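Structural characterization, general
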Amino acid sequence: MADTKILAKDNRPTWDEYFMQMAELTAKRSTCLRRQVGAVIVKDKHIVATGYNGAPRGIAHCDEKGGCLRQKMGVPSGQRHELCRALHAEQNAIIQAATLGQSIEDATIYVTNQPCVICAKMIINAGIKRIVVKEGYPDELSVEILDEAGLKIVMLD
């Protein structure tokens, strides 16, 4: 017997929902102790690269170093990124695309959280034209810079 759920088109996720679900799955690989974030870069409905937040290759993760330095210091979310051992999900996705020689000009990035100002600047310079997020992030400068660059953040319910 055919599975009617699979056959019913109205039960299919939209492209935005589909790729956000991929970003959520990617976030499960995160090694961050404070926030697990995933990113998926998509061009012409094809996944070009993925990324999650975690320490660079060959560098110990925070749990291996006795915990999160920012958390120990009481640093609020969205501040003092220079104290973090991890790369952000967006950074890792952009680096992965570059490593693979994949153009991300005019692509869409799906991120489980709104990009910080550092990632916003990288997204702008990478030529990404659309940003879809699931949750916000306390970084007003990021929103201001993205707006100035003509990029709007699409909040997915």
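Scoring rules and cut-offs
- Residues numbered from 1 in each chain as written.
- Predicted model: local features only at pLDDT ≥ 70, side-chain atom pairs only at ≥ 80, totals over all residues.
- Heavy atoms only, no water.
- UniProt positions renumbered as here; feature names shortened; annotations may be inferred.
- Helix = DSSP H or I, 4+ residues; strand = E, 2+ residues; numbered from the N terminus.
- Buried < 20%, exposed > 50% of the residue type's maximum accessible area, 1.4 Å probe, protein only.
- pLDDT = per-residue confidence, 0-100.
- Contact = heavy atoms within 4.5 Å.
- Phe/Tyr/Trp six-rings, centres within 6.5 Å; stacked < 30°, edge-to-face > 60°.
- Salt bridge = Lys/Arg side-chain N within 4 Å of Asp/Glu carboxyl O.

Those places that UniProt annotates as "binding site: Zn(2+)" (unreviewed entry) correspond, in this numbering, to His88, Cys116 and Cys119. Taken together, the annotated residues stretch across 32 residues yet fold into one region, lying no more than 8.9 Å apart by C-alpha. As for its position among the elements, His88 is in the loop between α3 (69-72) and α4 (89-99). With respect to the element layout, Cys116 can be found in the loop between β3 (108-113) and α5 (117-126). Look at Cys116 and you get buried, because its relative accessible area is 2%.

On to the confidence of the model for the protein chain, then. Mean pLDDT over the protein chain: 91, with 94% of residues reaching 70 or higher. Within the model, pLDDT remains below 50 along residues 1-5, and this stretch shows two contacts once partners closer than five positions in the same chain are excluded.

Moving on, we come to the UniProt feature "active site" (unreviewed entry) in the protein chain. The UniProt entry lists Glu90 under the feature "active site" (unreviewed entry), expressed in the numbering used here. Mapped onto the elements of the fold, Glu90 is located in helix α4. On the basis of relative accessibility, which here comes to 3%, the residue Glu90 falls in the buried class. Once residues lying within four places of it in the same chain are set aside, the contact partners of Glu90 are Ala39, Ile109, Val111, Asn113, Gln114, Pro115, Cys116, Cys119 and Ile123.

Across all of its chains, the model carries four aromatic pairs by this definition. Measuring from ring centre to ring centre gives 5.9 Å for Trp15 and Tyr18, while their planes differ by 85°; the resulting arrangement is edge-to-face. Of this pair, Trp15 and Tyr18 both sit in helix α2 (residues 15-27), separated by three residues, roughly a single helical turn. With a relative accessible area of 43%, Trp15 lands in the partly exposed category. Using a relative accessible area of 34% as the deciding quantity, one classes Tyr18 as partly exposed. Measuring from centroid to centroid gives 5.5 Å for Phe19 and Tyr110, while their planes differ by 40°, and the two rings are tilted. Within this pair, whereas Phe19 is found in helix α2, its partner Tyr110 is found in strand β3, the two being separated by 91 residues in sequence. Judged by its relative accessible area of 2%, Phe19 is buried. The class of Tyr110 is buried, set by a relative accessible area of 4%.

One pass over the full model with this rule turns up four salt bridges. Between Asp16 and Arg130 there is a salt bridge, with the nearest N and O atoms lying 2.8 Å from each other. A residue pair is termed long-range when its members are at least 10 positions apart, and Asp16 in helix α2 and Arg130 in strand β4 (residues 130-135) qualify at 114 residues. Here Lys134 and Glu24 are joined by a salt bridge, their closest N and O atoms 2.6 Å apart. Placement of the pair is Lys134 in strand β4 and Glu24 in helix α2, with a sequence separation of 110 residues. Using a relative accessible area of 36% as the deciding quantity, one classes Lys134 as partly exposed.

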